[in-house]
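# Chains, contacts and geometry: an overview
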Amino acid sequence: MESVIVAIDGPSGTGKSSTSKAVAAKLGLSYLDTGAQYRAITWWMISNGVDVTDAEAVANAASKPVIVSGTDPARPTITVDGADASGPIRTEEVTSKVSAVSAVPEVRSLITELQRSIARGAETGIVVEGRDIGTTVLPDADLKIFLTASPEARAARRSGELKGVDVHATKEALIKRDAADSSRKTSPLAKAGDAVEVDTTELTLDQVIECVVTLVEEKRAAVK
Ligand SMILES: Nc1ncnc2c1ncn2[C@@H]1O[C@H](COP(=O)(O)OP(=O)(O)O)[C@@H](O)[C@H]1O
Ligand SMILES: Nc1ccn([C@H]2C[C@H](O)[C@@H](COP(=O)(O)OP(=O)(O)O)O2)c(=O)n1
């Protein structure tokens, strides 16, 4: 089977992680969560007393942490300087600071290189999910998907319930982070010109997975 590279981008809560993991598992590909890497470097900055609003301080420290991503879709892992970071990178503090850290060009160039080397090393191929994979990290990907969904659907998914008191705050936080990620100068969240856009608002997760698997299979059939 030919090696295949799939780029999946989109804003928060559109289903990138769940879709990418399932597609990679179904097709026997590796899986990379690039958001987890930006979260990991953010966690390191916070833990080491770096002021994340000081872009110069973040840039100067950017090469210090050693970030390692495990790419098995059944058990994705992430470590920082050898320590498991999968729990701490999901805290609200990291979520609220990750956009500032990931806007720093030195951070992006280091993490982008790391992502490219992981993609190059994936023997059967890889599904890479993030914000700038199709536009910047892997512009030659075999298939590019851009997932979207209404802010209401995304907030409901994120807060894990349809009518929680939390949904409004979750929606506001999510819109704020999308705006920051879309307006930064260096490789903002954007749809690549040749990406297939899939609006997941009215689709179940299984339908989205099926849709992406079909698109990958069509690509593979076309290049044979
Ligand atoms: N199409 C969908 N319909 C309903 N829930 C979904 C759908 N896609 C994802 N979810 C759920 O929404 C939440 C966020 O999905 P996730 O894959 O983490 O999104 P992202 O990586 O884009 O932030 C998860 O709980 C996931 O199970
Ligand atoms: N390729 C990427 C991936 C994520 N980021 C940044 C911007 C995002 O707000 C954060 C966190 O990404 P992550 O995918 O973990 O976020 P959500 O799962 O959508 O909450 O990282 C990025 O700048 N470029």
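For clarity, every value in this text was computed on a predicted model and none was experimentally measured.

Next up on the list: the site of ligand 2. Near ligand 2 lie 19 residues; those nearest to it are Arg 39, Arg 108, Asp 132, Arg 177 and Asp 181. Separating an oxygen atom of ligand 2 from a side-chain N or O atom of Arg 184 is a distance of 2.9 Å. Protein contact buries 98% of the 530 Å² of open area that ligand 2 shows by itself. Counting only elements with at least two residues in the shell around ligand 2, the list comes to α2 (34–47), α4 (92–102) and α8 (167–183). Considering each element in turn, the shell around ligand 2 owes the most residues, four residues, to α2. Tallied by class, the residues present in the shell around ligand 2 amount to three nonpolar, six polar and ten charged.

Right, let's get into the sheet that holds strand β4 (residues 77–80). Strand order in the open sheet made by the three strands is β3-β4-β5, with antiparallel pairing throughout. Each end of this open sheet is capped by a strand with a single partner; those strands are β3 (67–70) and β5 (83–84). When β3 meets β4, the two strands line up antiparallel, connected through four bridges. From the neighbouring strand, Ile 67 faces β4, where its bridge partner is Val 80. Those strands touched by α2 are β3 and β4, and its axis lies near 25° from that of β4.

Take the UniProt feature "binding site: ATP" (unreviewed entry) in the protein next. Mapped onto the present numbering, the UniProt feature "binding site: ATP" (unreviewed entry) falls on Gly 10, Pro 11, Ser 12, Gly 13, Thr 14, Gly 15, Lys 16, Ser 17 and Ser 18. Looking at where Pro 11 falls in the secondary structure, it is placed in the loop between β1 (4–9) and α1 (16–27). In this structure, Pro 11 is in contact with Lys 16, Arg 131, Phe 146, Leu 147, Arg 154, Asp 178 and Leu 189, ignoring residues within four places of it in sequence. Summarising the element assignment, Ser 12 is placed in the loop between β1 and α1.

Taking 1.5 Å of rise per residue, the 17 residues of helix α5 (residues 105–121) would be expected to cover 24 Å, and the 24 Å separating its terminal C-alpha atoms lies within 8% of that figure. Of the positions making up α5, those classed as buried are Val 107, Arg 108, Ile 111, Thr 112, Gln 115, Ile 118 and Ala 119. Around the axis of α5, the buried residues are gathered within 125° of arc, so they sit on the same side. Seen from the buried face of α5, the exposed residues on the opposite side, beyond 90 degrees, are Arg 120 and Gly 121.

What surrounds ligand 1 is a group of 15 residues, the closest being Gly 13, Lys 16, Ser 18, Arg 158 and Leu 203. Ser 17 has a polar backbone atom sitting 2.9 Å from an oxygen atom of ligand 1. Side-chain polar atom of Arg 158 to an oxygen atom of ligand 1: 2.5 Å apart, as the coordinates give it. The protein chains hide 74% of the 560 Å² of surface that ligand 1 would expose on its own. Within the shell around ligand 1, the residues separate by chemical class into four nonpolar, eight polar and three charged.

Calculation rules
- Residues numbered from 1 in each chain as written.
- Chains lettered and ligands numbered in written order.
- Predicted model: local features only at pLDDT ≥ 70, side-chain atom pairs only at ≥ 80, totals over all residues.
- Heavy atoms only, no water.
- Near = heavy atom within 4 Å.
- Polar contact = N/O pair within 3.5 Å; in protein donor to acceptor, adjacent residues only side chain to side chain.
- Areas by Shrake-Rupley, 256 points an atom, 1.4 Å probe, with all protein chains shown as cover.
- Helix = DSSP H or I, 4+ residues; strand = E, 2+ residues; numbered from the N terminus.
- Nonpolar A, V, L, I, M, F, W, Y, C, P; charged D, E, K, R; others polar.
- Pairing = 2+ DSSP bridges.
- Contact = heavy atoms within 4.5 Å.
- Axes fitted to C-alpha atoms, helices over the stretch in contact; angles between N-to-C directions.
- UniProt positions renumbered as here; feature names shortened; annotations may be inferred.
- Expected span 1.5 Å × (residues − 1).
- Buried < 20%, exposed > 50% of the residue type's maximum accessible area, 1.4 Å probe, protein only.
- Arc of directions from axis to C-beta.

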